[in-house]
Amino acid sequence: MPRVSAEHLERRRQQILDAAQLCFARKGFYETSMQDIFTESDLSAGAVYRYFKSKNDIIAALATESTVELRATMAEAIRSDPLPTPAQLVRVIAEYIVERSGPDGPVRLAPQAWALALVHEEAAEYIKDAVRAMRERWYEYVERMVEVGWLPPDTDVHAVAMALIGLVPGFMLQHLIVSDVDPEALARGVATLLPYGPPGAHPNNA
């Protein structure tokens, strides 16, 4: 019998995650059953359980995967020249969130994953790892702000990064639940509060 390639295994694993993401976005973590995931993925129970022991394992994998593309988007912006202002950077992030927050969008899973982390210890570890990974991008950004002279040399990079990361879930919750905020409004607000950057960047040219 020919060996199954690593590429095939990864495709099958991603097929399960994609199906689960659709189910969770539509019904929520708690209302989605493993049978729902079997049906959506068009795979047998045995095939799914080969990759994931439980629904919580799938949730944890999605939580880890969900920030990868966003972190890559942030890294590209942070490492560009000239350095984006805080308003410009949060607008990039907010636009990313809006584009992926439709009825089946992966962004809709984030608040559900945060809630799960409060009551499920194993899932919490994966969510913590995802949050820490996002913090690393904010640390990098604050360090660059210091390098270009927007912040003083003795800036507490850790404290500033923790403050800035709070902008993202705040925007996400307002967008998903209240639906009366957009990336441009967020950028204007941040430009007013954090008027860093080259001349002309504040506030309406963010």
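Everything in this summary refers to the structure shown in the same document.

Rules of the game
Residues numbered from 1 in each chain as written. Predicted model: local features only at pLDDT ≥ 70, side-chain atom pairs only at ≥ 80, totals over all residues. Heavy atoms only, no water. Core = buried A, V, L, I, M, F, W, Y, C linked by side-chain atoms within 4.5 Å. Buried < 20%, exposed > 50% of the residue type's maximum accessible area, 1.4 Å probe, protein only. Helix = DSSP H or I, 4+ residues; strand = E, 2+ residues; numbered from the N terminus. Contact = heavy atoms within 4.5 Å. Axes fitted to C-alpha atoms, helices over the stretch in contact; angles between N-to-C directions. Left-handed = near helix turned anticlockwise from the far one by under 90°. Nonpolar A, V, L, I, M, F, W, Y, C, P; charged D, E, K, R; others polar. Salt bridge = Lys/Arg side-chain N within 4 Å of Asp/Glu carboxyl O.

This part covers the nonpolar core. Nonpolar side chains in soluble globular proteins generally cluster together in the buried interior. Counting 34 residues, the largest nonpolar core has Met74, Leu89, Ile93, Ile97, Trp138, Tyr141 and Met172 as the members making the most contacts within it. Breaking this core down by element, the ones donating at least two residues are helix H5 (68-78), helix H6 (86-99), helix H8 (121-147), helix H9 (157-165), helix H10 (167-178) and helix H11 (183-193). Considering every element that reaches this core, the biggest residue donor is H6, with 7 residues. Once you skip the residues sitting within four places of it in the chain, Ile93 turns out to touch Leu70, Met74, Trp138 and Val168.

The next subject is the packing of H8 against H9. In the contact formed by H8 and H9, the axes pass within 8 Å of each other and the chain directions differ by 120°. In the crossing of H8 with H9, the sense of the turn from one axis to the other is right-handed. Where H8 approaches H9, its residues Val131, Met134, Arg135, Trp138, Tyr139, Tyr141, Val142 and Glu143 are matched on the opposing element by Val157, His158, Val160, Ala161, Met162, Leu164 and Ile165. The class makeup of the residues in the contact of H8 with H9 is 12 nonpolar, 1 polar and 2 charged.

Its location among the elements puts His175 in helix H10. Separated by 74 residues in the primary sequence, His175 and Ser101 place their C-alpha atoms 8.7 Å from one another. Residues contacting His175, with those up to four places away along its chain left out, are Val98, Ser101 and Val181.

Across all of its chains, the model carries 11 salt bridges by this definition. In this structure, Asp104 engages Arg26 in a salt bridge whose closest nitrogen and oxygen atoms are separated by 3.2 Å. Remark: Arg26 occurs in helix H1 (residues 6-27) and Asp104 occurs in the loop between H6 and helix H7 (109-117); sequence separation between them is 78 residues. Given the relative accessible area of 33%, Asp104 is considered partly exposed. Overall, Arg26 belongs to the partly exposed group, its relative accessible area being 48%. For Glu184, the salt bridge is made with Arg91, and the minimal N-O distance between the two is 2.9 Å. Here Glu184 is found in helix H11, whereas its partner Arg91 is found in helix H6, with 93 residues between them in sequence. We classify Glu184 as partly exposed; its relative accessible area is 36%.

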